[in-house]
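For reference, the chains in residue letters:
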Amino acid sequence: MASFNIRKATPKDCQDLMRMIKELAAYLNKADEVVITVNDVEKYLFGEKRLAEALVAELSAEEICQRIEGERTQKEECRFDKGDCGIEKSIETEPVSHFASGSGHAGRPLVGYALYFYNFHTWYGPYCFIMDFYVTEEWRRNGIGSVLWAKIIQEALSMRCSNVTWEVYDWNKRSMDYYKRKGACDLTEQDGKHVLLMDRKDMEKCVAETLASATGSDVSS
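Residues numbered from 1 in each chain as written. Predicted model: local features only at pLDDT ≥ 70, side-chain atom pairs only at ≥ 80, totals over all residues. Heavy atoms only, no water.

Engineer: Break down the overall build of the protein for me, with residues and values.
Structural biologist: Within the protein one finds 8 helices and 7 strands. The buried share of the protein, taken over its 221 residues, is 28%. If you take every contact in the protein between residues at least 6 apart in sequence, the share linking residues at least 24 apart comes to 66%. For the protein, the computed accessible surface area is about 15600 Å², with 52% contributed by carbon and sulfur atoms. (Helix = DSSP H or I, 4+ residues; strand = E, 2+ residues; numbered from the N terminus. Buried < 20%, exposed > 50% of the residue type's maximum accessible area, 1.4 Å probe, protein only. Contact = heavy atoms within 4.5 Å. Areas by Shrake-Rupley, 256 points an atom, 1.4 Å probe, with all protein chains shown as cover.)

Written out as structure tokens, the structure is:
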């Protein structure tokens, strides 16, 4: 298991958050749908009127040192190899600087994040909606996802939320099975609920057409 820390995101994490948002979108085959910028991340997560919050998974200093040392050892072992003629030849390897110069606190790389916000249900009171949950591919199966998930739920409990809610694609059976083992229920199966979406173009059309037809009615702007 990797050595890591889960903490609240800070404005210094915006570049890494943007990177991981794009990685998650690519994993979901939705890379071309990401239109926000790092400035949007900073504005809506850390600005005057915040709309969401985030937790991040950060590698510990010990983990980084172990990885760098491991890569250096591997580099030394692979420095020389024998060619077909039996003569030793030098083999170039990639530098290890991607661990030594990461982002996050004290230069430690961020390898996962969860983005969430709070809402209010008229029957149950406050609840937490998890928008994004992601661990970089290289660091999966190291216990990071499980702890990150538990930390989100802990945050929701501290806010006296009645539940946590999130969405899962129907093709992502592995994740669906995992969540169900943790006690989650599928509202589409249980209550027949479906998630509906109206994009900005249709929002503007709806407002324009509806308010135009309501001329003379008691409609305030």
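Engineer: Please provide a residue-by-residue account of the sheet that holds strand 2 (residues 53-59), values included.
Structural biologist: Taken in spatial order, the 5 strands make up an open sheet running 1-2-5-6-7, and their pairing is mixed. A strand with exactly one partner marks an edge of an open sheet, and here the two such strands are strand 1 (4-8) and strand 7 (164-166). Here the average twist between neighbouring strands, direction ignored, is 25°. Bridge count between strand 1 and strand 2: 5 bridges; the pairing is antiparallel. (Pairing = 2+ DSSP bridges. Axes fitted to C-alpha atoms, helices over the stretch in contact; angles between N-to-C directions.)

Engineer: An account of unusual backbone geometry is needed here, citing residue identities and associated values.
Structural biologist: Of note, the phi angle at Arg141 is positive, near 65°, even though the residue is not glycine. Inspection of the secondary structure puts Arg141 in the loop between strand 6 (125-135) and helix 5 (144-158). Of the residues examined, Arg141 reaches a relative accessible area of 67% and is grouped as exposed. The residue Arg160 is not glycine, and still its phi comes out positive at about 60°. Here Arg160 lies in the loop between helix 5 and strand 7. When its relative accessible area of 72% is taken as the criterion, Arg160 is described as exposed.

Engineer: Run through the confidence of the model for the protein, naming residues and quoting values.
Structural biologist: Mean pLDDT over the protein stands at 82; residues scoring 70 or higher make up 74%. The least confident element of the protein is strand 4 (residues 88-90), whose mean pLDDT is 38; the most confident is helix 2 (residues 38-46), at 97. When the criterion is pLDDT under 50, residues 77-102 qualifies, and its contacts beyond four places in sequence or with other chains add up to 33 contacts. (pLDDT = per-residue confidence, 0-100.)

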